[in-house]
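Descriptive analysis of the structure
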Amino acid sequence: MASVTLNSLYKVYPGDVKAVNDVNLEIQDKEFLVLVGPSGCGKSTTLRMVAGLEEISEGTIKIGDRVVNDVPPKDRDIAMVFQNYALYPHMTVYNNMAFGLKLRRFPKAEIKKRVEEAARILGIENLLDRKPKALSGGQRQRVAVGRAIVRQPKVFLFDEPLSNLDAKLRVQMRVEISKLHARLQSTMIYVTHDQVEAMTMGDRIVVMKDGLVQQVADPITLYDKPVNKFVAGFIGTPPMNFIDGELIEEDGKLCFQEDKFKITLTDEIAAKVREAGVERGPVALGVRPEDFHDAEEVPAGTTTAEVKARVEIVEPMGSELYLYMTTGKNPFVARVGPHIKTEIDAEMPLLVNLKKIHLFDAKTELTIV
């Protein structure tokens, strides 16, 4: 296996369109790294440059100690799994998996050994004589992964491999790929637009927007300490709520004020705000849905402030309720216990966990706290 290093990587299309803008990443040997972001953010282009399928405009890519900028894809010792499976329809599963090894003139016995081992790992031993049209979407994806495994490459590249599967099958395949990584102990770079996939699979996650890397961190750090409003809103389901308001000082205390409510910041958060040099003016308050509580459900030792809002929609999820609410001009979602009684259009008080709030600069959208 090998590390992958991206230094000052750019991809510029005609018209000075920067699809990838100064990306610098150090992917460790045996690491599972996920590139995540909305469509058009540059994540797939970055992956394709690593694979050699997209020409680099500027910068260097190293696999291990070797610069591979001018190395053809077939000689980079990587294997790629595509979104559309890319299986040969006229070949059996066995021949689809063996095709790359046959091109490289591996002995028949070695090909047989590798294909059967990969099929056993993926649980598709009974499918080796079938053709792709006789397989389900999940089975086809396993074959595509198996074709990569038999290569025994230094680096595995996955380009949104689960996006064509239904929701239940996506969950199953997420688990299978994570198990595969643990078993093979290989370097994997995985591209997805689904932040749930990113959070559940990645050792580290790279969040991208408009060709720029916004933040690189492990899943928990991304969730708890986003560097800006974009990352905060992209990571989490439902996403973080943003309530526009302003910081004011009242009786020596810093407060956040919105049209319909005002909350006094804790001394700890107020100190951090002052350290950042922001004491008054427009800001966005960030609160995750699970950090709103009904009065009867507040965890012991939680410092809270009350917010009154109008209930617009109630979504029962079985183990919890999603309350879609509005305060002033700001809509938000609260995730509360399943037994809370409320009605549409009712005004309902909720308590905000003050130790979990985030504050973002209104202009730069960078995190203050």
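All of these numbers come straight from a predicted model, not from anything done at the bench.

**Quick notes on the packing of aromatic side chains**
The final tally for this structure, using the stated rule, is eight aromatic pairs. Geometrically, the ring pair formed by F32 and Y190 is tilted, given 5.8 Å between the ring centres and 40 degrees between the ring planes. A residue pair is termed long-range when its members are at least 10 positions apart, and F32 in strand β3 (residues 32–36) and Y190 in strand β8 (residues 187–192) qualify at 158 residues. Three or more aromatic residues joined by ring pairs form one cluster here, namely F32, F156, F158 and Y190. In this arrangement the basic side chain of R288 is found over the ring face of Y223, its NZ or CZ atom lying 3.8 Å from the centre.

**As for helix α1 (residues 43–51)**
Counting buried positions over the nine residues of α1 gives seven, a clear majority of the element. Of all the residues in α1, the buried ones are K43, T45, T46, L47, M49, V50 and A51. One or two residues past the end of α1 sits G52, with phi positive at roughly 90 degrees.

**Some remarks on the sheet that holds strand β9 (residues 204–209)**
The sheet built from six strands is open, its strands ordered β6-β7-β8-β3-β9-β10 with mixed pairing. Both edges of this open sheet fall to β6 (78–81) and β10 (212–217), since each of them pairs with a single strand only. For this sheet, the mean inter-axis angle between neighbouring strands, taken without regard to orientation, is 15 degrees. α1 rests against β3, β6, β7 (155–159), β8 and β9 of the sheet, and its axis sits at about 145 degrees to β7. Helix-sheet contacts for helix α5 (residues 167–184) involve β3, β7 and β8, and the interaxial angle to β8 is about 165 degrees.

Cut-offs used in this document
Residues numbered from 1 in each chain as written. Predicted model: local features only at pLDDT ≥ 70, side-chain atom pairs only at ≥ 80, totals over all residues. Heavy atoms only, no water. Phe/Tyr/Trp six-rings, centres within 6.5 Å; stacked < 30°, edge-to-face > 60°. Helix = DSSP H or I, 4+ residues; strand = E, 2+ residues; numbered from the N terminus. Lys NZ or Arg CZ within 6 Å of the ring centre and 35° of its normal. Buried < 20%, exposed > 50% of the residue type's maximum accessible area, 1.4 Å probe, protein only. Pairing = 2+ DSSP bridges. Axes fitted to C-alpha atoms, helices over the stretch in contact; angles between N-to-C directions. Contact = heavy atoms within 4.5 Å.

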